Amino acid sequence: MRPLIGTSWKMHFTATQAGAYLAALRPLVAEIADRDLFVLPPFAAIFVARDRLAGSNVAWGAQDVHPEDWGAHTGDVSAPMLADLDCRYVEVGHSERRRDHGETPDLIAAKVGAVLRWGMTPILCVGEAHHRGPVAALADVLPDLERCLAGVSADALHRIVIAYEPVWAIGEHAPAAAPTEIRAVPVGIHAWLRGHAPGGETVRVIYGGSVDETVAPLVLGQPGVDGLFVGRRALDPAAFATIARVPILPAAAPLETTIS
Ligand code: PGA
């Protein structure tokens, strides 16, 4: 599968800063032809991404969406508004939204439905809260996946991207997961998707959680990992460009291998 490598800026960058970032990024990744790339700015900077990235090899999108298309929902942003900004991807269910806004699997499922209804690709985030090994992780992740995908028909499943993001590995004070440690969960997600619907095997499962230039080649080389979802490290456009083009090291490579 073609690797999918992207970043959510979370709540970083004004529209003005976004313009400077994207002006720096675009030439740095212009020659990358064998991977799909994306950036997810905050809502207030998506129009800047559309202006700066149109015609480039970097797609753009949003970090959240309201499940309904229109109406009296002060402060919210709907899928048709994002589609009108030519968003290709919409992230749903990130652990920070579940934590800060009490998002439930039912709400996340409704958001996935809205994104699909408007022709965009949901990036559905799932991941276990605690570091207790792959069996416990899959016991948390698969039921959540099932609920968050409850409204998705077998025909539409292939239009989704799953982001596996162990909550314990996200953010500044989190320990990065060892690449070999995370492989069982994407493999288990793929198996679940294959069993869930014909075409499930074409769904890309990407990995997020303290990804940087050092771990990226090793994580990308793990079986079942079809891409990377980068947070903090991609706030530097040069670092994101480096991660976007990292070689894929085979899973058997020793963990101390570094890239030059
Ligand atoms: P991080 O964020 O790379 O800063 O850990 C990852 C994420 O939340 O997707």
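This one's a predicted model, so the numbers in the text were calculated from it and none came from an experiment.

Comments concerning the overall build of the protein
When you go through the protein residue by residue, the secondary structure sums to 10 helices and 8 strands. Radius of gyration (C-alpha) of the protein: 17 Å, near the 18 Å computed for a compact globule of 260 residues. For the protein, the spread of C-alpha atoms along the principal axes amounts to about 55 × 40 × 35 Å. Taking all 260 residues of the protein together, 53% fall into the buried category. Excluding contacts between residues fewer than 6 apart, the proportion of contacts in the protein whose partners are at least 24 apart in sequence is 72%. Accessible surface, the protein: about 11100 Å² in total, of which carbon and sulfur atoms supply 56%.

Focus: the site of the ligand
Every residue near the ligand is listed here: Lys 10, His 94, Glu 165, Ile 170, Gly 171, Gly 209, Ser 210, Val 211, Gly 231 and Arg 232. A distance of 2.7 Å separates an oxygen atom of the ligand from a polar side-chain atom of Glu 165. Residue Gly 231 places a main-chain N or O atom 3.0 Å away from an oxygen atom belonging to the ligand. Isolated, the ligand exposes 290 Å² of accessible area, and the fraction of that covered by the protein chains is 98%. When the residues that make up the shell around the ligand are grouped by side-chain class, the tally is 2 nonpolar, 5 polar and 3 charged.

Here's the deal with the confidence of the model for the protein
Per-residue pLDDT for the protein averages 94, and the proportion of residues at 70 or more is 97%. Across residues 253-260, where pLDDT falls below 50, the model places 11 contacts with residues more than four positions away in sequence or in other chains.

Describing the nonpolar core
By size, the foremost hydrophobic cluster in this structure holds 72 residues, and its most contacted members are Leu 124, Leu 149, Ile 162 and Ile 189. Contact partners of Ile 162, with chain neighbours within four places excluded, come to Leu 124, Val 126, Leu 145, Leu 149, Ile 189, Leu 193, Val 203, Arg 204, Val 205 and Ile 206.

What to know about the pattern of salt bridges
Under the criterion given, the structure shown has 14 salt bridges. Close ionic contact of Asp 106 with Arg 147 constitutes a salt bridge, the shortest N to O distance being 3.8 Å. Of this pair, Asp 106 sits in helix α5 (residues 105-117) while Arg 147 sits in helix α6 (residues 134-148), and the two are 41 residues apart along the sequence. According to the relative accessible area criterion, Arg 147 is partly exposed, its value standing at 44%. The network of salt bridges with common partners includes Asp 64, Arg 97, Glu 103 and Lys 111.

Reading the values: rules and limits
- Residues numbered from 1 in each chain as written.
- Predicted model: local features only at pLDDT ≥ 70, side-chain atom pairs only at ≥ 80, totals over all residues.
- Heavy atoms only, no water.
- Helix = DSSP H or I, 4+ residues; strand = E, 2+ residues; numbered from the N terminus.
- Rg over C-alpha atoms; globule rule 2.2 N^0.38 Å.
- Buried < 20%, exposed > 50% of the residue type's maximum accessible area, 1.4 Å probe, protein only.
- Contact = heavy atoms within 4.5 Å.
- Areas by Shrake-Rupley, 256 points an atom, 1.4 Å probe, with all protein chains shown as cover.
- Near = heavy atom within 4 Å.
- Polar contact = N/O pair within 3.5 Å; in protein donor to acceptor, adjacent residues only side chain to side chain.
- Nonpolar A, V, L, I, M, F, W, Y, C, P; charged D, E, K, R; others polar.
- pLDDT = per-residue confidence, 0-100.
- Core = buried A, V, L, I, M, F, W, Y, C linked by side-chain atoms within 4.5 Å.
- Salt bridge = Lys/Arg side-chain N within 4 Å of Asp/Glu carboxyl O.

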